[in-house]
Amino acid sequence: MNVSIEILEFPLCIKNKILRIKDITRLNIEYIAGKNIVFNNSNLGLNEPHKIIISNNTQKVVLLCYNDDTNLYDTELSRTITIAELTNIIECLLKEN
């Protein structure tokens, strides 16, 4: 079965929101672009979300976001992470650094 993979551009508005958080540049931030995966000759496809990995020397936080959606999600997609919550998470990571 042939598969087509389209790498998506990471949303700049999400990057800007994250970079506005105080002292976040003291942590390691990695932005991984999402993908659209299409199984050719079928009606099946997958949408892999964008990933944001924020880490210090001992811990890391992985957040997910989708195209056309300005929300951030935890890895289980069970809850939305607000910028205020992310700010608290960043502060905890900075304390442990």
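The structure presented is a predicted model; accordingly, all values stated were derived computationally and were not measured.

Participant: Outline the side chain of Asn56, supporting the account with residue identities and numerical values.
Facilitator: Looking at the element boundaries, Asn56 is found in the loop between strand S5 (50-55) and strand S6 (60-65). Using a relative accessible area of 8% as the deciding quantity, one classes Asn56 as buried. Engagement of the side chain of Asn56 in a polar contact is seen with the backbone nitrogen of Gln59, the distance being 2.7 Å. One polar contact links the side chain of Asn56 to the main-chain carbonyl oxygen of Leu93, over a distance of 2.8 Å.

Participant: Lay out the side chain of His50 with the relevant residues and their values.
Facilitator: Structurally, His50 is set in strand S5. Not counting residues up to four positions away in its chain, the partners in contact with His50 are Leu8, Glu9, Phe10, Pro11, Ile32, Ala33, Gly34, Leu63, Leu64, Cys65, Tyr66 and Asn67.

Participant: Please set out the nonpolar core residue by residue, giving values where relevant.
Facilitator: Grouped together as the largest cluster of nonpolar side chains are 17 residues, with contacts concentrated most on Ile14, Ile52, Ile54, Leu63, Leu72, Leu86 and Ile90. For this core, the elements supplying multiple residues, two or more each, are helix H1 (12-19), S5, S6 and helix H2 (83-96). Among the elements that line this core, the one with the most residues is H2, at four residues. Residues within four places of Leu63 in sequence aside, it is in contact with His50, Lys51, Ile52, Ile54, Leu72, Tyr73, Ile81 and Leu86.

Participant: Could you give an account of H2, naming the residues involved and the relevant values?
Facilitator: Under the 1.5 Å per step criterion, the end-to-end length of H2 is 20 Å for 14 residues, consistent within 8% with the ideal 20 Å. Of the residues making up H2, those classed as buried are Leu86, Ile90, Leu93 and Leu94. Buried residues in H2, looked at end-on, bunch into an arc of 100°, giving them a common side. Opposite its buried face, H2 presents the exposed residues Ala84 and Lys95, each directed more than 90 degrees away. Lining the buried residues of H2 we find H1, S5, S6, strand S7 (72-73) and strand S8 (80-81).

Participant: Go over the sheet that holds strand S1 (residues 3-7), please, and point to the residues and values.
Facilitator: If you trace the three strands from one edge of the open sheet to the other, you get S1-S3-S4, paired in antiparallel fashion. At either margin of the open sheet sits one strand with a lone partner, and together these are S1 and strand S4 (45-48). Pairwise comparison of adjacent strand axes, ignoring direction, gives a mean angle of 15° for this sheet.

Participant: Please set out the pattern of salt bridges residue by residue, giving values where relevant.
Facilitator: Using the criterion set out here, one finds three salt bridges in the structure. Between Arg26 and Asp23 there is a salt bridge whose closest N-O contact spans 3.7 Å. You can call Arg26 exposed: its relative accessible area is 52%. Judged by relative accessible area, Asp23 falls into the partly exposed class, the value being 32%. Glu48 serves as the salt-bridge partner of Lys51, at 3.9 Å between the closest nitrogen and oxygen. Here Lys51 falls in the partly exposed class, since its relative accessible area comes to 30%.

So, how was this worked out
- Residues numbered from 1 in each chain as written.
- Predicted model: local features only at pLDDT ≥ 70, side-chain atom pairs only at ≥ 80, totals over all residues.
- Heavy atoms only, no water.
- Helix = DSSP H or I, 4+ residues; strand = E, 2+ residues; numbered from the N terminus.
- Buried < 20%, exposed > 50% of the residue type's maximum accessible area, 1.4 Å probe, protein only.
- Polar contact = N/O pair within 3.5 Å; in protein donor to acceptor, adjacent residues only side chain to side chain.
- Contact = heavy atoms within 4.5 Å.
- Core = buried A, V, L, I, M, F, W, Y, C linked by side-chain atoms within 4.5 Å.
- Expected span 1.5 Å × (residues − 1).
- Arc of directions from axis to C-beta.
- Pairing = 2+ DSSP bridges.
- Axes fitted to C-alpha atoms, helices over the stretch in contact; angles between N-to-C directions.
- Salt bridge = Lys/Arg side-chain N within 4 Å of Asp/Glu carboxyl O.

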